[in-house]
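Understanding the architecture of this molecule
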Amino acid sequence: MNEMEKQKQEKYKIGLIVLGLLALFTVGEFVISVTGNNWVAVFVVIALIKAFLVLREYMHIGRLFGGPEEHP
Amino acid sequence: MTSNTVSESYAHRLATNRLGLWLFLLSDAFMFGGLFITRVYLWGDTRPELNQTLGLIVTSMLLISSFFMNRAETAMAHGDRKGFLRGTLVTIVLGIAFLAGVIGVEWQIAPFGVSEDAYGAVFFMMTGMHAFHVLTGVIFLLIVWNNARRGRYSVEKHWAVEAAAVYWHFVDVVWIFFYPALYLIGKVG
């Protein structure tokens, strides 16, 4: 396996971990709601964590502050 | 012009493009933020009786579509064009399924009309505006997918792919906040 393929597999793995966390949080907030709890603060914190994960790992917000760079 | 100058020029353009896209997304986020605040103000600590399971299903579709979009962008950045085409196609299908779930099902079974009360007005405005963004995202992805099929992007130059992916994830982030606001928070009114 060449270096580029290794990097790709590594990034795929990170993407999968993020999806797992998103699924966990989403099911968590669903369960909180259907069991009759109305913990607004918890819902807000969960949404913020989920948004942070997507912004950081999927949207690569860090690229914005990294200065001019080429792909990848 | 030397190849080095061309390369620097592209890198500079890429940085400028990124800034422009993120500024656009920021302005769009203010609009969605306004809708979110409208929901908080008009619904307060209540929510309409919506199908929570359907909400979970459409949310899952969007989250999984983001995963495949990330996979597709990663594939393009590593020279795997087939992987990109596959991942983007799955993203598009999931995006259309999300639209079908929200517009084709949820809108039809909603226990209120669009102009009936505050529940209807806020619900249709929030989901409608979001669905419009999903639709434009799907169109954007179709264009990028077709261009990639024709071999217009490379490992070094695929800004359009990155832009489409970031836009798609942005739509996902908006829904991350809309989902609990519409389906989970508050007592059924």
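See above for the structure.
Residues numbered from 1 in each chain as written. Chains lettered and ligands numbered in written order. Predicted model: local features only at pLDDT ≥ 70, side-chain atom pairs only at ≥ 80, totals over all residues. Heavy atoms only, no water.

**Here's the deal with a positive patch on the surface**
All names here are of chain B. Counted only if it meets this: Residues forming no salt bridge and having over 30% relative accessible area are the ones grouped into patches, like charges within 9 Å of each other and nonpolar side chains (Val, Leu, Ile, Met, Phe, Trp, Tyr) within 5 Å. Here the Shrake-Rupley method, with its probe set to 1.4 Å, supplies the accessible areas, and only the displayed protein chains count as covering residues. Any Lys or Arg side-chain nitrogen located within 4 Å of an Asp or Glu carboxyl oxygen qualifies as a salt bridge. Just so you know, the count uses Lys and Arg for positive and Asp and Glu for negative, and it drops His and the chain ends. Lysine's charge is taken at NZ, arginine's at CZ, aspartate's at CG and glutamate's at CD. Strands are runs of DSSP state E lasting at least 2 residues, helices are runs of H or I lasting at least 4, and numbering of each runs from the N terminus.
Taken together, R71, R81, K82 and R86 make up a surface patch of like positive charges. When residues of the positive patch are assigned to their parent elements, the largest contribution, three residues, is made by helix α3 (residues 81-109). If you trace the backbone, R71 turns up in helix α2 (residues 52-77).

**Some remarks on the packing of helix α1 (residues 3-34) of chain A against helix α2 (residues 40-58) of chain A**
Residues and elements named next belong to chain A. Definition in use: Whenever a helix is involved, its axis is fitted only over the stretch in contact; in every case the axis is a line through C-alpha atoms, and angles between N-to-C directions fall within 0 to 180 degrees. The scheme is simple: roughly parallel for angles under 35 degrees, roughly antiparallel for over 145, roughly perpendicular for 65 to 115, oblique for anything else. The handedness criterion is simple: a crossing whose near helix is rotated anticlockwise from the far helix by less than a right angle is left-handed, and one whose near helix is rotated clockwise is right-handed. The contact definition used throughout considers only heavy atoms, calling two residues in contact when any of these lie within 4.5 Å. Any residue that is not Ala, Val, Leu, Ile, Met, Phe, Trp, Tyr, Cys, Pro, Asp, Glu, Lys or Arg is counted as polar, Gly included; the first ten are nonpolar and the last four charged.
As a packed pair, α1 and α2 sit with axes 10 Å apart at the nearest point and diverge in direction by 165°. Here α1 is positioned roughly antiparallel relative to α2, judged by the angle of their axes. Remark: the crossing between α1 and α2 carries left-handed chirality. Here I14, G15, V18, L19, L21, L22, F25, T26, E29, I32 and S33 of α1 lie close against α2, whose contacting residues are V42, F43, I46, I49, K50, L53, V54, E57 and Y58. In the contact of α1 with α2, the residues fall into 14 nonpolar, three polar and three charged.

**Topic: the side chain of B:T74**
Rules: Working definition: with a 1.4 Å probe on protein chains only, accessible area under 20% of the residue-type maximum means buried, over 50% means exposed, and in between means partly exposed.
Here B:T74 shows up in helix α2. Overall, the relative accessible area of 7% leaves B:T74 in the buried class. Apart from residues no more than four positions distant in its own chain, B:T74 is found in contact with A:K8, A:K11 and A:Y12.

**Focus: the side chain of B:D28**
Residues and elements named next belong to chain B. This is how the line gets drawn: Polar contact is defined as a pair of N or O atoms within 3.5 Å, subject to the rule that within protein one atom must be able to donate a hydrogen and the other to accept it, and that residues adjacent in sequence are counted only when both atoms are side-chain atoms.
When you line up the elements, D28 lands in helix α1 (residues 3-43). Nearest to the buried, unbridged D28 among oppositely charged side chains is R18, at 18 Å. A polar atom in the side chain of D28 sits 2.6 Å from the side chain of H133. Among residues more than four places away in sequence, those in contact with D28 are H133 and F170.

**Comments concerning the layout of surface pockets**
For clarity, the threshold we go by: The definitions used throughout rest on a 1 Å grid laid over the protein atoms alone, on which a cavity is an enclosed set of points accommodating a 1.4 Å probe that cannot get out and a pocket is an open set flanked by protein within 12 Å on both sides along at least five of seven lines; lining residues are those having an atom within 4 Å of a point. Grid points are joined across faces, edges and corners, and a volume is the space filled by probe spheres set on the points.
The volume enclosed by the largest pocket comes to roughly 400 Å³. Taken together, 16 residues form the lining of the largest pocket, with B:L25, B:A29, B:F170, B:V173 and B:F177 sitting closest to its centre. Elements with a contribution of two residues or more to the lining of the largest pocket: α2 of chain A together with α1 and α5 (159-184) of chain B. In terms of residues, the lining of the largest pocket owes the most to one element, α1(B), which gives eight residues. Residue composition of the lining of the largest pocket, by class: 15 nonpolar, one polar and no charged. Computed from the structure, the second largest pocket encloses a volume of approximately 200 Å³. Per element, the largest residue contribution to the lining of the second largest pocket is four residues, and it comes from α2(B). Its residues assigned to classes, the lining of the second largest pocket comprises four nonpolar, five polar and four charged.

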